[in-house]
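Examination of the molecular architecture
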Amino acid sequence: IETAELLIFGELPDEEERAEFRSLLTENSALHQDMGKHFDGFPTNAHPMSILSAMISALQSHDLPEHQFTDANGFREAAASLIAKTRTIAAASYKSHVGQPIIYPRYDLNYAENFLHMMFSVPYRDYEATPEEAHALNMFLVLHADHEQNCSTSTVRMVASSGANLYASVSAGVNALWGPLHGGANMQVIEMLERIRQGAMTTRDYVARVKDRKSGAKLMGFGHRVYRNFDPRARILKDAADRLLDAMHITDPLLDIARELEQVALADDYFVSRRLYPNVDFYSGIILRAIGIPVDMFTVMFAIGRTPGWIAHWKEVTDNPRQRIYR
Ligand code: CMC
């Protein structure tokens, strides 16, 4: 939450600001009762990203009136509301996907713990996240919080430049993030590792397939428009995955396959000459799996993390008195 405040308001909060923003988040965690009807309208196999983008758009009709977004207090509340409710919607989309009742947020839990509670509690049993799980999720969210003018952030800025409201702009960002070349890559990485684990091919076979340009296959979780040496987030996540699995006494064969695949690729001239390295999506799925997040929620997790960044960019565009419409 402090990272979110730093991004959005430009400086770290003092104690009073931090307490005030936390309480705004808490007060704005629950969805308007009528939003439950929207969830009921989705087929049970709806992709959680489609639910998330539609519900963030719908939220605008239930939340603050649009004219309040541009005054400082109104914006503060809208930002807190969106950060809190994106998490609530994400967990509710999972619950409606698996056919379980939606769980309300608890006011005594921190941001990451509350998400895990809304994902995994059931009406007859509360889920208590371990400190390791809550810490890992918090770190995942911080690492995804912002990353300059990537595809979804550029989309948010584009939509904001027309004067569109915060929720409309962020909902557009969610849709841009969905693609497999962007946030959708974290799902694809796990699917790729699973295919290798199930014996369809070895890591070397997979790399050979990627190099055969006719196959159209890519090494998912590799390459980045900006990072041509390495992606620092991937290094942090690789170490964190190791530590988390150790602490939770989990052996995940996908982590071993990921490590081997990285080694094979980094020793291959195809990847070396194109300066392709693991990116943020290569190891993040291993962490999410260990916490128990299902694969089709992975890109939603990225969206929760990126929401503060999108809000900060919306504010930057909207606050600029010389802003002109993008085209
Ligand atoms: N596997 C195989 N070849 C690749 C890959 C890859 N993952 N990434 C790039 N290349 C090749 C590409 O085909 C091109 O080869 P050539 O010069 O012979 O035509 C060369 O490397 C340069 O790539 P590019 O397509 O010009 O690079 P880009 O900056 O346009 O694309 C990218 C960046 C991230 C979309 C791309 O690397 C990619 O598709 N990676 C896989 C998907 C992925 O992991 N996405 C997550 C990105 S990081 C987090 C995020 O933004 O969401």
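Above this text sits the structure in question.
Report on the accompanying structure. (Residues numbered from 1 in each chain as written. Predicted model: local features only at pLDDT ≥ 70, side-chain atom pairs only at ≥ 80, totals over all residues. Heavy atoms only, no water.)

Together, Glu11, Asp14, Glu15, Glu16 and Glu17 make up a region of like negative charge exposed at the surface. Take glutamate 16: it is sitting in helix α2 (residues 15-27). (Patch = residues over 30% accessible without salt bridge, like charges linked within 9 Å, V, L, I, M, F, W, Y side chains within 5 Å. Areas by Shrake-Rupley, 256 points an atom, 1.4 Å probe, with all protein chains shown as cover. Salt bridge = Lys/Arg side-chain N within 4 Å of Asp/Glu carboxyl O. Lys, Arg positive; Asp, Glu negative; His and termini not counted. Charge placed at Lys NZ, Arg CZ, Asp CG, Glu CD. Helix = DSSP H or I, 4+ residues; strand = E, 2+ residues; numbered from the N terminus.)

Positive phi values are uncommon outside glycine, yet glutamate 148 reaches one of about 35°. Here glutamate 148 is to be found in the loop between α7 (131-143) and α8 (151-160). Here the phi dihedral of histidine 249 falls at roughly 55°; this positive angle occurs in a residue that is not glycine. For histidine 249, the location among the structural elements is in the loop between α12 (232-247) and α13 (253-266).

Next up on the list: the site of the ligand. The environment of the ligand is formed by 23 residues, the closest being Leu181, His182, Lys218, Leu219 and Arg225. In this structure, histidine 182 approaches the ligand through a side-chain N or O atom, which is 2.7 Å from an oxygen atom. At 2.6 Å, a side-chain N or O of arginine 225 approaches an oxygen atom of the ligand. Compared with its free state, where it exposes 930 Å², the ligand has 76% of that area covered by protein. Of the residues that constitute the shell around the ligand, the class distribution is eleven nonpolar, six polar and six charged. (Near = heavy atom within 4 Å. Polar contact = N/O pair within 3.5 Å; in protein donor to acceptor, adjacent residues only side chain to side chain. Nonpolar A, V, L, I, M, F, W, Y, C, P; charged D, E, K, R; others polar.)

Let us now look at the environment of histidine 47. Position of histidine 47 among the secondary structure elements: in the loop between α3 (35-41) and α4 (48-62). Considering only alpha carbons, one finds histidine 47 and methionine 301, 254 residues apart in sequence, at a separation of 13 Å. Looking at histidine 47, its side chain comes within polar contact range of the main-chain nitrogen of methionine 49, at 2.9 Å.

Where helix α10 (residues 185-197) meets helix α16 (residues 298-319), the closest approach of the two axes is 7 Å, and the angle between their N-to-C directions is 145°. When you trace α10 past α16, the crossing you get is right-handed. Contacts from Asn186, Met187 and Ile190 in α10 reach Phe298, Thr299 and Phe302 in α16. Here the contact of α10 with α16 is built from residues that sort into four nonpolar, two polar and no charged. (Axes fitted to C-alpha atoms, helices over the stretch in contact; angles between N-to-C directions. Left-handed = near helix turned anticlockwise from the far one by under 90°. Contact = heavy atoms within 4.5 Å.)

Moving on, we get to the nonpolar core. Residues Phe115, Leu166, Leu193 and Ile293 are the most contacted members of the largest nonpolar core, which totals 101 residues. Considering every element that reaches this core, the biggest residue donor is helix α5 (residues 72-98), with twelve residues. With sequence-adjacent residues up to four places away left out, phenylalanine 115 is seen in contact with Arg87, Ala90, Ala91, Leu137, Ile293, Met297, Met301 and Ile304. (Core = buried A, V, L, I, M, F, W, Y, C linked by side-chain atoms within 4.5 Å. Buried < 20%, exposed > 50% of the residue type's maximum accessible area, 1.4 Å probe, protein only.)

Among the residues making up helix α11 (residues 203-211), those that are buried are Thr203, Tyr206, Val207 and Val210. Seen from one end, α11 has its buried residues packed into an arc of 100°, which puts them on one side. Considering only its buried residues, α11 is in contact with α10, α13 and α14 (269-273). (Arc of directions from axis to C-beta.)

With the rule as written, the count across this model stands at 19 salt bridges. Residue arginine 106 pairs with glutamate 128 through a salt bridge whose shortest N-O separation is 3.9 Å. With arginine 106 in the loop between α5 and α6 (111-120) and glutamate 128 in the loop between α6 and α7, this residue pair connects regions lying 22 residues apart in the sequence. A salt bridge links arginine 197 to glutamate 194; the shortest N-O distance between them is 3.1 Å. A residue pair is termed a helical-turn pair when its members lie 3 or 4 positions apart in one helix, as arginine 197 and glutamate 194 do in helix α10 at three residues. Here the residues in one salt-bridge network are Arg106, Asp108, Asp126 and Glu128, joined through shared partners.

Topologically, serine 154 is positioned in helix α8. Considered as a pair, serine 154 and leucine 219 are 65 residues apart in the sequence and their alpha carbons are 25 Å apart. Side-chain polar atoms of serine 154 contact the backbone oxygen of asparagine 150, separated by 2.8 Å.

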